[in-house]
Amino acid sequence: MTRTPSPTPDTARIEELLRSIRPQPGPRLRMRMAQAPWKVASSQNKGAISMKRQFRFAALGAVVLILLGVLAATPVGSVLADELLQFFARVQGNSLPLQPEQIMPPVPTSTPEPTHALAIQPAAEVTAALPTATLVPTLTLDPADLADASLIEAQTAAGWRLYAPRRLPRDYRLTRILYDSDQQSVQMQYASPQAGSGEFFQITQGRSLEPLSVGADAQVENVAIGPYNAEFVRGTWLTADGADQSTWEGNAEVYTLRWQAEEVFLSIQFFLNDAFYPAYLERDEILAVAQDMARCEGGDYACQVDQAAAAAGFTPWQFPAAPEGLSFDYVDYRPGLTAVEYGHSMDRLSLVQSTQDFATQEENTWFSVPEDAVQSLEVAGQPGEYVRGQFMARPGESQAEWNADVPVERLRWKNGDWWFQLVKTGGEEMQASALADLAAQLTNDDTQVQADGQDSNSLQAAVPGVYTDLASLEAAAGFDVLEPGVLPEGLPFSHARYEAIFHSVMLLYGNFAPDKIHADGPVLLLIQAPRPAQDSDPSGYYPPEAIQAVEVNGQAGYLITGSMETFMAEEGQPTPAPVWHADSGGLALHWNSGEWQFDLRFDPTGHGARIGLEDLLEIAASLQ
């Protein structure tokens, strides 16, 4: 990340807090989500990983994409060879040749997001930015590219939190998730092998679903779905061979339920058995699916596990409580696979469980590992394998080299009918034995799981020192906290953090999710801390043209514009010099006043929002 060197003892802690802020997916992330590495079956160019790293000014990184990429690129599985379980596909040597379509072109010069200025308004008048009413496609790609998505992929592409059943009728299971970029809708398909000749149903949801056309004689029944009114109708349009028009058939075994929940329109269509009677599903079972639909909140652990269990057909094994130092993020799933995700800052842990060996389904050798990279060990009494590292290819090169220093650790094992994998990325290395000890804590007994201990939506548990009103903040801090009298439009006060050790506070402005970690859009931060004995000096890191001397209410300060970008060093080569990007939109203002020091920072987080230098000075001057 971009750092302003400072001798003050709280700088590292403040920057750690900044790193914990992860924006919700924006358009750029949604575009990249379509290229997630678990789509290797249809594309061969997902393996090469750029050696470039972008450190944004406030370290607001898009961790969800990285997490999904690691999860997808390292599926659970093993192969049976010579009567020994091998959980990774092994290749000889530490390099892989790349096909022409896999070779990454050199990283192009970044093109800034289209910019738009944010007006400065009185703080009392600033409200959350409202979503645009104009329907704009969130992904400019062939819908077939997301024809077999996971829940999180589809949700990221759609741009809203999806509804899904917490229970399904009898032995029905999820068979497919599709995203339609033209209609901006998500379709979930469900079926049962016991449902006779092809019975199935599908759930479609979108913010602009077209009304359903029915015949004049259609019998439309009004039913209640929770607090919402819904319409239930039997029948469909049929077109005879050679006919030039369709006819409404009211006795067809097709049942449709339509309703609106908040801003989302939902439709459930049941295609039952018209070959023999009775049908596998009955009316009450059809309506029960809709009654069990839920939109799980970000940190609602129990709700998300229920949905994953219903979709996959098994209840995932779970940790009794969140692993030490981590908090629950979300549950992802696909047919026959669940993934429970934990994290803190850049430290990530994925628990994946599957009904089948995904490794045997992949023909792409990119996801193989060198034989000498595999370490065998025991996991909860079962044989397992551990690997650290992954293949990497620099832009323009035709050969991928295994890099054991990449902080990606994978532990795989099988227990009964289930294939498991733990993926650890970022943070401190755990190594094989520690991951195996962690895996031994897993349980399939729901009574041993503390749902409240997993819930990152509990602010005090997930992010200690979080306050949503200034009165409580000041009571805890023991001093008057200054706040801006003017703010950029669309960036209202969200929450504050108090660091008792360093006696400092941070006020955060923007549109944050309920977990107070994810931000959707630009962020403004104000840090107030005791003045250190020696002021910080950014001249050793930023170029002179990035630093400007200013005054805030008569007090001397300095303003930093832009952001610094660094590149990973190549073996045997000197560390590349950081590159300053003046047009990134990042701004930081530092000044002292009496016994306090202040930092006011604006980060567009890739959304193209901008405020001017004079705007930031006006905000600083308005503190009261």
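Structure shown above.
Residues numbered from 1 in each chain as written. Predicted model: local features only at pLDDT ≥ 70, side-chain atom pairs only at ≥ 80, totals over all residues. Heavy atoms only, no water.

Q: I'm lost on the overall build of the protein chain in this one. Help?
A: A count of helices and strands for the protein chain gives 10 helices and 42 strands. Out of the 624 residues belonging to the protein chain, those deemed buried represent 53%. The long-range fraction of contacts in the protein chain, counting pairs at least 24 apart against all pairs at least 6 apart in sequence, stands at 66%. (Helix = DSSP H or I, 4+ residues; strand = E, 2+ residues; numbered from the N terminus. Buried < 20%, exposed > 50% of the residue type's maximum accessible area, 1.4 Å probe, protein only. Contact = heavy atoms within 4.5 Å.)

Q: I'm lost on the nonpolar core in this one. Help?
A: Side chains that are nonpolar tend, in soluble globular proteins, to be buried together. Leu257, Trp259, Leu411 and Leu422 are the most contacted members of the largest nonpolar core, which has 71 residues in total. Setting aside anything within four residues of it in sequence, one finds leucine 411 in contact with Leu377, Val379, Glu385, Tyr386, Phe420, Gln421, Leu422, Leu435, Ala436 and Ala439. Grouped together as the second largest cluster of nonpolar side chains are 34 residues, Tyr498, Val552, Trp591 and Ile619 included. (Core = buried A, V, L, I, M, F, W, Y, C linked by side-chain atoms within 4.5 Å.)

Q: Explain the sheet that holds strand 40 (residues 587-593) here, please?
A: The strands making up a sheet associate through backbone hydrogen bonding, with each pair oriented either parallel or antiparallel. Strand order in this open sheet of 8 strands is 30-32-33-35-41-40-37-36, and the pairing throughout is antiparallel. Each end of this open sheet is capped by a strand with a single partner; those strands are strand 30 (466-467) and strand 36 (547-552). Where strand 36 meets strand 37 (residues 555-561), 6 bridges bridge the pair, whose relative direction is antiparallel. Opposite valine 550, over in strand 37, you have glycine 557 as the bridge partner. Across the sheet, helix 9 (residues 470-477) lies against strand 30, strand 32 (493-499) and strand 33 (504-509), angled at about 10° from strand 32, the strand it touches most. Strands in contact with helix 10 (residues 613-621) are strand 35 (523-530), strand 36, strand 37, strand 40 and strand 41 (596-603); relative to strand 40, the strand with the most contacts, it is inclined by about 35°. (Pairing = 2+ DSSP bridges. Axes fitted to C-alpha atoms, helices over the stretch in contact; angles between N-to-C directions.)

Q: Got a minute to help me understand the side chain of serine 267 in this structure?
A: Here serine 267 lies in strand 18 (residues 264-271). Given the relative accessible area of 9%, serine 267 is considered buried.

Q: What am I meant to see in a nonpolar patch on the surface here?
A: On the surface, Leu212, Val214 and Val220 cluster together into a nonpolar patch covering about 210 Å² of accessible area. Looking at where valine 220 falls in the secondary structure, it is placed in strand 13 (residues 220-225). Residue valine 220 is classed as partly exposed on the basis of its relative accessible area of 41%. (Patch = residues over 30% accessible without salt bridge, like charges linked within 9 Å, V, L, I, M, F, W, Y side chains within 5 Å. Areas by Shrake-Rupley, 256 points an atom, 1.4 Å probe, with all protein chains shown as cover. Salt bridge = Lys/Arg side-chain N within 4 Å of Asp/Glu carboxyl O.)

Q: Help me out: how do you make sense of the environment of isoleucine 286 in this one?
A: For isoleucine 286, the location among the structural elements is in helix 5 (residues 283-291). Placed 118 residues apart in sequence, isoleucine 286 and leucine 168 show a C-alpha to C-alpha distance of 9.5 Å.

Q: What exactly am I supposed to notice about unusual backbone geometry here?
A: One non-glycine residue, glutamate 262, lies in the positive phi region at around 55°. Within the secondary structure, glutamate 262 is located in the loop between strand 17 (254-261) and strand 18. For glutamate 262, a relative accessible area of 48% gives the class partly exposed. In the Ramachandran plot, alanine 380 falls in the positive-phi region, its phi being about 50° despite a non-glycine side chain. Inspection of the secondary structure assignment puts alanine 380 in the loop between strand 24 (375-379) and strand 25 (382-388).

Q: What am I meant to see in the packing of aromatic side chains here?
A: Working definition: an aromatic ring pair is given by the centre-to-centre distance plus the angle between the planes. One pass over the full model with this rule turns up 17 aromatic pairs. With centroids separated by 4.6 Å and ring planes inclined at 40°, the aromatic side chains of phenylalanine 314 and tryptophan 418 adopt a geometry described as tilted. In this pair, phenylalanine 314 sits in the loop between helix 6 (301-312) and strand 20 (327-334) while tryptophan 418 sits in strand 29 (residues 418-425), placing the two residues 104 residues apart along the sequence. Take tryptophan 418: its relative accessible area is 24%, and that puts it in the partly exposed class. In this structure an aromatic cluster arises from ring pairing among Tyr172, Tyr190, Phe201, Phe270 and Tyr280. Across the ring face of tyrosine 280, the terminal group of arginine 170 is positioned such that the distance to the ring centre comes to 4.5 Å. (Phe/Tyr/Trp six-rings, centres within 6.5 Å; stacked < 30°, edge-to-face > 60°. Lys NZ or Arg CZ within 6 Å of the ring centre and 35° of its normal.)

Q: Just to check I follow, could you spell out the state of the cysteines for this structure?
A: For the coordinates displayed, the defined rule picks out 1 disulfide. Disulfide partner of cysteine 296: cysteine 303, at an S-S distance of 2.0 Å. The sign of the -70° torsion about the S-S bond sets the cysteine 296-cysteine 303 disulfide as left-handed. What makes cysteine 303 buried here is its relative accessible area of 3%. (Disulfide = S-S within 2.5 Å.)

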